[in-house]
Amino acid sequence: MFAVIKTGGKQFRVAANDRITTAKIEGNPGDTVAFDTVLMLTDGEKTTLDAKALSEITVAAEIVEQARGDKVIAFKKRRRQNSKRKRGFRAELTVIRITDILTGGKKPEMKKGEASAVALQAGAAEAKAKPAAKAPKAAKAEAGALDASNLSLISGVGPTIEKKLRAAGITSWNDIAAWTEADVAKWDEELKLRGRATREEWVVQAKELLAGKPPRAKADQAELASGEDY
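Quick caveat, the model's predicted, so the values are computed rather than measured.

> Just checking my understanding: could you explain the nonpolar core for this structure?
For soluble globular proteins, nonpolar side chains are generally found buried alongside one another. One finds Ile-154, Val-157, Leu-165, Trp-173, Ile-176, Trp-179 and Trp-202 to be the most contacted residues of the largest nonpolar core, which totals 20 residues. Elements supplying a minimum of two residues to this core: α5 (159–167), α6 (173–177), α7 (181–190) and α9 (202–210). Here the element with the most residues in this core is α9; it accounts for 4 residues. The contacts of Leu-165, once residues within four sequence positions are left out, are Leu-151, Val-157, Ile-170, Trp-179, Leu-191 and Trp-202. If you look at the next biggest cluster of nonpolar residues, it comprises 18 residues, including Val-14, Phe-35, Leu-41 and Ile-98.

Here it is as structure tokens:
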């Protein structure tokens, strides 16, 4: 039996006793953690994809250690501008061991003080997201109706880049909002974005959209028309 779970903006295929390294999960070695976002379950020849059935499945794991990833160097240079910047980054990681895949709505026993499944699945970026700034009712209503999978609402994402992002499995604002500096550097190199994600502040834009703010292009147009600062 194995399951596909999502945590830290990434998907993992896991089975009992597997060890995986994820984005940092709060807790100490030996703590039990649970993952409620299960995307698929395969038991023998039977595969479950139904959302209702998957909502009753929980993957339990034990924290093995808190670690840090290899140093990533992000170097940026502007031609003929006498400008360059070099930054180092090491991601905070957690090594966990899968202990069980629980079905039928069962939940693992959580000790006092241990992380809950709901808190884990919120994700670091969403947990820290600030409430949207006050805006006119019309703008809020428009933002609330927007589709989180519409990547083109992020300034700087055109049809060609959107196609590249979707081919790489990046399909929503949530995926981009969860990017770390290392992720930005990685995708910039793999997708040949030429620094666009950093220059256009894609991560910030994605968080703004998730918080209910209107897309930047529309906000700029509204500001010019009304003189209001969004």
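> Would you explain the packing of aromatic side chains in this entry?
What characterises a pair of aromatic rings is the spacing of the ring centres plus the angle enclosed by the ring planes. Tallied over the entire structure, the rule returns 2 aromatic pairs. With centroids separated by 6.5 Å and ring planes inclined at 40°, the aromatic side chains of Trp-179 and Trp-202 adopt a geometry described as tilted. Taken together, the positions of Trp-179 in the loop between α6 and α7 and Trp-202 in helix α9 put the pair 23 residues apart, joining distant regions of the chain. Each member of the pair, Trp-179 as well as Trp-202, is classed as buried. A cation over a ring is seen here: Arg-13 above Phe-2, with NZ or CZ 3.7 Å from the ring centre. In this structure, Lys-186 packs its charged tip against the face of Trp-187, placed 4.6 Å from the ring centre.

> Is there a simple way to explain α7 in this structure?
Helical geometry note: an α-helix holds 3.6 residues per turn, so side chains three or four residues apart project in the same direction. Residues of α7 that are buried include every one of Ala-182, Asp-183, Val-184 and Trp-187, and no others. Check the buried side of α7 and you find it contacts β2 (10–14), β8 (72–78), β9 (83–89), α8 (196–199) and α9. Count one or two residues on from α7 and you reach Lys-192, which has phi positive near 55°.

Cut-offs used in this document
- Residues numbered from 1 in each chain as written.
- Predicted model: local features only at pLDDT ≥ 70, side-chain atom pairs only at ≥ 80, totals over all residues.
- Heavy atoms only, no water.
- Core = buried A, V, L, I, M, F, W, Y, C linked by side-chain atoms within 4.5 Å.
- Buried < 20%, exposed > 50% of the residue type's maximum accessible area, 1.4 Å probe, protein only.
- Helix = DSSP H or I, 4+ residues; strand = E, 2+ residues; numbered from the N terminus.
- Contact = heavy atoms within 4.5 Å.
- Phe/Tyr/Trp six-rings, centres within 6.5 Å; stacked < 30°, edge-to-face > 60°.
- Lys NZ or Arg CZ within 6 Å of the ring centre and 35° of its normal.

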